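Chain by chain, the residues:
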Amino acid sequence: MRVSVFGLGYVGCVSAACLASMGHEVIGVDVNQVKVDLVNDGKAPVVEERIGELIAEVVRTGALRATGDVREAIMESDVSLVCVGTPSEPNGSLCTTYLERVTEEIGAALADRDGSGGRHTVVFRSTMLPGTCLNLLVPILEKFVGGTAGVDVGVAVNPEFLREGTSVRDFFDPPKTVIGEVDPASGDAVMALYDGLPGEVFRVPVPTAEAIKYADNAFHGLKIGFANELGAVCQALGVDSHQVMDVFLADRKLNISPAYLRPGFAFGGSCLPKDLRSLVHAAQRADVSVPILSHVLPSNSDHLQRAVELVERTGKRRVGLFGLSFKPGTDDLRESPLVELAERLFGKGYDLRIYDANVSLSRLLGANRQYIETRLPHLGQLLADSVGEVLEHAEVCLVGTRDPEVLSALPHGADGPAIVDLIHLPDAERRRTEPGYMGLAW
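None of these values were measured; they are calculated from a predicted model.

**Q** I'm lost on the overall build of the protein chain in this one. Help?
**A** Within the protein chain, the secondary structure is distributed over 19 helices and 13 strands. Here the C-alpha coordinates of the protein chain stretch approximately 80 × 60 × 40 Å along the principal axes. Taking all 442 residues of the protein chain together, 45% fall into the buried category. For the protein chain, the exposed area adds up to about 21600 Å²; of that, 52% sits on carbon and sulfur atoms. Taken together, the 41 basic and 59 acidic charged side chains of the protein chain have centroids lying 4 Å from each other.

**Q** I'm lost on the sheet that holds strand S10 (residues 351-355) in this one. Help?
**A** What holds strands together in a sheet is hydrogen bonding between their backbones, with the strands either parallel or antiparallel. Spatially, S10-S9-S11-S12-S13 is the arrangement adopted by the 5 strands of the open sheet, whose pairing is parallel. Only two strands of the sheet have a single partner each, and these edge strands are S10 and strand S13 (437-439). Between one strand and the next, the sheet's axes are offset by a mean angle of 20 degrees, whatever the strand orientation. Relative to strand S11 (residues 396-399), strand S9 (residues 318-322) runs parallel, the two being bridged by 4 bridges. Opposite valine 319, over in S11, you have valine 396 as the bridge partner. The strands touched by helix H13 (residues 296-314) are S9, S11, strand S12 (418-421) and S13; relative to S11, the strand with the most contacts, the crossing angle is about 165 degrees. Here helix H14 (residues 337-347) sits on the sheet and contacts S9, S10 and S11; the angle it forms with S9, its principal contact strand, is near 170 degrees.

**Q** Looking at this structure, I do not really get unusual backbone geometry. What am I missing?
**A** Glycine aside, residues mostly have negative phi, and peptide bonds are mostly found in the trans state. Despite not being glycine, aspartate 287 has its phi angle at roughly 60 degrees, a positive value. Secondary-structure assignment places aspartate 287 in the loop between helix H11 (272-285) and helix H12 (291-294). Of note in the backbone geometry, histidine 424 takes a positive phi value of approximately 60 degrees without being a glycine. For histidine 424, the position within the fold is in the loop between S12 and helix H19 (428-431). On the accessibility criterion, histidine 424 (29% relative accessible area) is partly exposed.

**Q** How should the environment of glycine 68 be read in this particular structure?
**A** Positionally, glycine 68 belongs in the loop between strand S3 (64-67) and helix H4 (70-75). For the pair glycine 68 and isoleucine 27, spaced 41 residues apart in the sequence, the C-alpha separation amounts to 10.0 Å. If we skip the residues at most four places from it in the chain, glycine 68 touches Asp30 and Val36.

**Q** For this particular structure, what's the right way to read the side chain of histidine 24?
**A** Following the sequence through the fold, histidine 24 ends up in the loop between helix H1 (10-21) and strand S2 (25-29). Of the polar contacts made by the side chain of histidine 24, one reaches the backbone nitrogen of methionine 1; its length is 3.1 Å. Apart from residues no more than four positions distant in its own chain, histidine 24 is found in contact with Met1, Val3, Leu19, Ala63, Ala192 and Leu193.

**Q** Sorry, what's going on with the packing of aromatic side chains here?
**A** Within a pair of aromatic rings, the relevant descriptors are the distance that separates the centres and the angle that separates the planes. In total, this model carries 3 aromatic pairs according to the counting rule given. On the numbers, 6.0 Å between centres and 65 degrees between planes, the contact of phenylalanine 171 with tyrosine 194 is edge-to-face. Here the residue phenylalanine 171 occupies a position in helix H7 (residues 167-172), and tyrosine 194 occupies one in the loop between helix H8 (184-193) and strand S8 (201-204), the gap between them amounting to 23 residues. Tyrosine 194 carries the same exposure label as phenylalanine 171, and that label is buried. By the ring-pair criterion, three or more aromatic residues cluster together here, those being Phe171, Phe172 and Tyr194.

**Q** Would you take a moment to explain the side chain of serine 126 for this structure?
**A** Counting through the fold element by element, serine 126 comes out in the loop between strand S5 (121-124) and helix H6 (132-145). Engagement of the side chain of serine 126 in a polar contact is seen with the backbone oxygen of valine 84, the distance being 2.7 Å. For serine 126, the residues in contact, after removing those within four places along its chain, are Val82, Cys83, Val84, Thr86 and Leu99.

**Q** Before we go on, may I ask you to explain the nonpolar core in this structure?
**A** Taken as a class, soluble globular proteins show a tendency for nonpolar side chains to be buried jointly. Membership of the largest hydrophobic core comes to 46 residues, with the highest contact counts inside it found for Leu321, Leu324, Leu341, Ile354, Leu398 and Leu422. Here leucine 324 is in contact with Leu333, Ser336, Leu338, Val339, Ala342, Ile354, Asp356, Val359, Leu379 and Leu383, once residues within four sequence places are set aside. One finds Ala17, Val26, Val46 and Leu197 within the second-largest nonpolar core, a separate group that totals 36 residues.

**Q** Explain the pattern of salt bridges to me, please; I cannot follow it from the model alone.
**A** Any two side chains of opposite charge can pair, given that their charged atoms come close. Per the counting criterion, the structure on display carries 22 salt bridges. A salt bridge links arginine 169 to glutamate 49; its shortest N-O distance comes to 2.9 Å. Of this pair, arginine 169 sits in helix H7 while glutamate 49 sits in the loop between helix H2 (33-40) and helix H3 (51-60); the two residues are 120 residues apart in sequence, bridging distant segments of the chain. Glutamate 49 gets classed as partly exposed once you look at its relative accessible area, which sits at 40%. With its nearest N and O atoms 3.5 Å apart, the salt bridge here joins glutamate 429 to arginine 432. According to the relative accessible area criterion, arginine 432 is partly exposed, its value standing at 46%. Residues joined by salt bridges that share partners form a network here, namely Arg2, Asp78 and Arg113.

**Q** How should the packing of H13 against H14 be read in this particular structure?
**A** Two numbers describe a pair of packed helices, the interaxial angle and the distance between the axes. Interhelical geometry of H13 versus H14 gives an angle of 45 degrees and a closest axis separation of 10 Å. By the criterion of interaxial angle, the relationship of H13 to H14 is oblique. Considering how the two elements wind past one another, H13 and H14 form a crossing that is right-handed. Where H13 abuts H14, its residues Ser301, Leu304, Gln305, Ala307, Val308 and Val311 lie against Pro337, Glu340, Leu341, Arg344 and Leu345. In terms of residue class, the contact of H13 with H14 is built from 7 nonpolar, 2 polar and 2 charged.

**Q** What's the story with the sheet that holds S5 in this structure? I'm lost.
**A** Spatial strand order, S3-S2-S1-S4-S5-S6-S7-S8: 8 strands in an open sheet with mixed pairing. Only two strands of the sheet have a single partner each, and these edge strands are S3 and S8. With strand direction ignored, the average angle separating the axes of adjacent strands in the sheet is 25 degrees. Relative to S2, strand S1 (residues 2-6) is paired through 5 bridges, and the arrangement is parallel. Paired with serine 4 across the bridge in S2 is isoleucine 27. Across the face of the sheet, helix H9 (residues 206-236) comes into contact with strand S6 (154-157), strand S7 (177-181) and S8 while running at roughly 145 degrees to S7.

Reading guide: rules and limits
- Each chain carries its own residue numbering, running from 1 in the written order of its sequence.
- Confidence filtering applies because this is a predicted model: local features only for residues at pLDDT of at least 70, side-chain atom pairs given and counted only at 80 or more, and all residues used for totals across whole chains, interfaces and linings.
- Water and hydrogen atoms play no part in the side-chain values, which are based on all heavy atoms of the structure.
- Here a helix means four or more residues in a row that DSSP labels H or I, a strand means two or more in a row labelled E, and each is numbered from the N terminus.
- Each residue gets one of three labels from its accessible area relative to the maximum for its type: buried under 20%, exposed over 50%, partly exposed in between, using a 1.4 Å probe on protein chains only.
- Only the protein chains shown count as cover for residues, and all accessible areas are computed by the Shrake-Rupley method using a 1.4 Å probe.
- Only four residue types enter the charge count: Lys and Arg as positive, Asp and Glu as negative, with His and the chain ends excluded.
- Charge positions come from single atoms, namely NZ of Lys, CZ of Arg, CG of Asp or CD of Glu.
- A pair of strands is labelled paired if DSSP reports no fewer than 2 bridges between them.
- Helix axes are fitted to C-alpha atoms over the stretch in contact, other axes to C-alpha atoms as well, and angles between N-to-C directions run from 0 to 180 degrees.
- Pairs of residues are marked as contacts when any of their non-hydrogen atoms sit within 4.5 Å.
- We define a polar contact as two N or O atoms separated by no more than 3.5 Å, with the added condition that, inside protein, one atom must be a possible hydrogen donor and the other a possible acceptor, whereas residues neighbouring each other in sequence contribute only through side-chain atom pairs.
- Two rings belonging to Phe, Tyr or Trp (six-membered ring only in the last case) form a pair when the distance between their centres is within 6.5 Å. Interplanar angles under 30 degrees mark stacking, angles over 60 mark edge-to-face geometry, and anything in between is tilted.
- We define a nonpolar core as any set of buried Ala, Val, Leu, Ile, Met, Phe, Trp, Tyr and Cys residues linked to one another through side-chain atoms lying within 4.5 Å.
- The working definition used for a salt bridge is a side-chain nitrogen of Lys or Arg within 4 Å of a carboxyl oxygen of Asp or Glu.
- Roughly parallel covers angles under 35 degrees, roughly antiparallel covers those over 145, roughly perpendicular covers 65 to 115, and oblique covers all other angles.
- Helix crossings fall into two classes, left-handed where the near helix is turned counterclockwise from the far one by less than a right angle and right-handed where it is turned clockwise.
- Ten residue types, Ala, Val, Leu, Ile, Met, Phe, Trp, Tyr, Cys and Pro, are classed as nonpolar, four, Asp, Glu, Lys and Arg, as charged, and the remainder, Gly among them, as polar.

Listed below in structure tokens is the structure:
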């Protein structure tokens, strides 16, 4: 394919050189003439493992050259990769100045191209927040091109997952390839660029592709911060942190796994909250600052509050809650987030009815009964004997259980109560199109 790459920094330079080595005809574009000259001399404008030899080889064979002329690059390519920087503004917001400028330049050049040589596809590799492409860049492109994205010009978002220092290796052995496509033909053009590379390919809506890069980097930062904070606490307590983490990392069932990584309701129970409190307290006693660990429980509380706010948003007062124990299949109410949710709603004066097939006040014993008598002493008058009793009462239903009896009874459409989904119901995608349905974080 004939490819133009806009921006010859780390991402653009590596992308251009690697694509050229795969047999594509590549033109690098940059406003910095020094970078353009370096590439044309067969030299890398960045310091990176293997990139120097790779650029020298593809320039020698004629597969890669560079220019500062946008129009020339557009006229001689079928696909454009936009790899310009998106730095932070002083207030932390995303700077889209370079993205907007290059989109204008590409659009103006495409207008001159006048469709000769077939439809051109613009592929954004730059990291940008969800909504940036469709709400900001596509309108700019359509204005200058004088056409419609997905019809007259292809548009896709293709985030990169290249680590500085190993970016050439990462390009040829990617963890995944993500293609956010405005239309299937745009996605096909991106697929053709990477034909033959390993790894799973995900073709998704454009905003999803934009968000994935942020999910990845936020999690990477969180992992590093978690490991460092835990290491500092271990050191203060006289424990070998690397030995602890070796055992931690060996657990591929719960720790290094998909476990607990799906958006849902708040956590609770007899272990997580108390152990987090104990660990943070131990760190404080040892004068070790642990801002990540110390904010996990407040974050959990804020997430629970989102459910309360969804109920408040309906303006209705009669509320049904399905589920009360902290985990399905048990009657353990200790530090259950659903108990906390019921307590908050009851405290705000909502007329509440609760159904949990595993919870009967007469069967609660010991610490379990003591906990509920302290936190929700009116539970006896709030518990319903059946799913139907709750549905008959409620104008709003909060669903916090996957009990088949509950799921099969939940009504569809506008005639029944509003549904606040705390667990991502099995038919959530269908329900999202129905009036009255609200997902907690989806």
